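Here's the letter readout for the chains.
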Amino acid sequence: MTMNAEKGPVLTGPSQEVLDIGGDVQTDAIVTPVARPVPVQTSGRLEFAARCPECRNWHRHVGLGERRAPCGTRYRLEFKGAA
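First, a word on scope: everything that follows refers to the structure included in this document. (Residues numbered from 1 in each chain as written. Predicted model: local features only at pLDDT ≥ 70, side-chain atom pairs only at ≥ 80, totals over all residues. Heavy atoms only, no water.)

### Some points on the sheet that holds strand E5 (residues 46-51)
Just so we agree on the cut-off: A strand pair is defined by DSSP finding two or more bridges across the two strands. Only runs of H or I of at least four residues qualify as helices and only runs of E of at least two qualify as strands under DSSP, and these elements are numbered from the N terminus. Only the contacting stretch of a helix is used when fitting its axis, a line to C-alpha atoms as for every element, and angles between N-to-C directions run 0 to 180 degrees.
Reading across the sheet, the three strands line up as E4-E5-E6 and stay open at both edges, with antiparallel pairing between neighbours. Each having just a single partner strand, strand E4 (38-41) and strand E6 (58-61) make up the two edges of the open sheet. This sheet shows a mean twist of 35° between the axes of neighbouring strands, independent of strand direction. Pairing of E5 with E6 involves four bridges; the strand directions are antiparallel. Paired with arginine 51 across the two strands is tryptophan 58, which belongs to E6.

### Quick look at the packing of aromatic side chains
Stated precisely, the cut-off is as follows: We call Phe, Tyr and Trp rings a pair once their centres come within 6.5 Å, taking the six-membered ring for Trp, and we label the pair stacked below 30 degrees between planes, edge-to-face above 60, and tilted otherwise. Burial classification: accessible surface area is computed with a 1.4 Å probe over protein chains only, and a residue below 20% of its type maximum counts as buried, one above 50% as exposed, and the rest as partly exposed.
Scanning the entire structure with this criterion turns up one aromatic pair. Judged by centre distance (6.0 Å) and plane angle (75°), the ring pair of phenylalanine 48 and phenylalanine 79 falls under edge-to-face. Of the two residues, phenylalanine 48 sits in strand E5 while phenylalanine 79 sits in the segment after strand E8 (74-77), which places them 31 residues apart along the sequence. For phenylalanine 48, a relative accessible area of 9% puts it in the buried group.

This is the structure:
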């Protein structure tokens, strides 16, 4: 009788792999938190206020996208439904 090759460990639960745009598999993907901005019109410009996902304080920014808050937290400012 011949012996079959040993099976590797069976993973349970959802896969931890994330596909990036290039199709490569990443196992340690970094997820940037998203903060939803509130537009604030000042006398000189349009700013965006958002509640920080880390310290829960309100921070104001002059633009959308990847931002670093005064407390040091990095998050992404984007409106709900933005693609």
